[in-house]
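Residue-level structural notes
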Amino acid sequence: MTSAGALDAVAARLVAAGLTEARSPLGVRNEAAGKIDRSFSVKPKATALTQRGRERHRLRLSFLVELGHRLKPSSGADAPDQALTDYESAIRYIAAGGTTLTTDGAIDFGPAAFTYAGGGAFMVTAFDLAVSFDLDLSIV
């Protein structure tokens with residue numbers, strides 16, 4: 001696994017969960033209003049490298065995962081319900097056994113925070129996700 005591969009693997013699992021990747025490199029908060037509903041972004045946040053033997057290093061990449069949902073006043077609790085359902089689905093799909101994330105690496109979830117953006121028109125669910133894997137040190 002590589003750093004870019006870990007990022008791609010997380011995004012692929014969220015697409016499999018039925019979400020759409022935000023086009024803005026700045027994430028769902030900067031996505032067009034018409035496209036924010038049921039969208040996601042995965043942004044690199046931090047990294048740490050540890051040595052696990054003479055020639056073995058473990059890389060831990062932390063990502064900020066954001067899920068965006070549109071809140072319609074006429075929908076009542078349905079919009080936040082969909083946001084919570086999608087959050088749980090994202091957890092299930094990321095943690096699914098037999099994927100690159102769970103066979104080539106290890107994952108850790110941070111707590112989720114729910115914020116309201118656009119004057120309450122949007123709900124953003126944000127959580128940290130760490131992916132750890134052995135870093136290949138061979139020079140190509």
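Structure: above.
My aim in this report is to walk through the structure given alongside it, one point at a time. Fair warning: this is a prediction, and the values are worked out from it, not measured in the lab.

1. So, the side chain of Thr125
Within the secondary structure layout, Thr125 lies in strand β5 (residues 122-135). Accessibility expressed as a relative area gives 0% for Thr125, which makes it buried.

2. Digging into the pattern of salt bridges
Scanning the model with the defined rule gives eight salt bridges in all. Among the ionic pairs, Asp128 bridges to Lys45, the shortest N-O distance being 2.9 Å. Of this pair, Asp128 sits in strand β5 while Lys45 sits in strand β2 (residues 39-51), and the two are 83 residues apart along the sequence. In this structure, Asp134 and Arg58 form a salt bridge, with 3.2 Å as the shortest nitrogen-oxygen distance. Placement of the pair is Asp134 in strand β5 and Arg58 in strand β3 (residues 57-70), with a sequence separation of 76 residues.

3. Remarks on the pairing of strand β4 (residues 106-117)
As judged from the 10 bridges shared by β4 and β5, these two strands associate in the antiparallel manner. Residue pairing for β5: Thr115 is matched across the bridge by Val124. Counting the residues that bridge the hairpin from β4 to β5 gives four residues, and of these Gly118 lies at a positive phi of roughly 60°.

4. A short note on the sheet that holds β4
The strand order β1-β2-β3-β5-β4 describes an open sheet built from five strands, whose pairing is mixed. Edge strands, defined here as strands with exactly one partner in the open sheet, are β1 (20-21) and β4. As paired strands, β3 and β5 are joined by 14 bridges and run antiparallel to one another. Its bridge partner being in β5, Arg58 is matched across the sheet by Asp134.

What counts, and at which threshold
Residues numbered from 1 in each chain as written. Predicted model: local features only at pLDDT ≥ 70, side-chain atom pairs only at ≥ 80, totals over all residues. Heavy atoms only, no water. Helix = DSSP H or I, 4+ residues; strand = E, 2+ residues; numbered from the N terminus. Buried < 20%, exposed > 50% of the residue type's maximum accessible area, 1.4 Å probe, protein only. Salt bridge = Lys/Arg side-chain N within 4 Å of Asp/Glu carboxyl O. Pairing = 2+ DSSP bridges.

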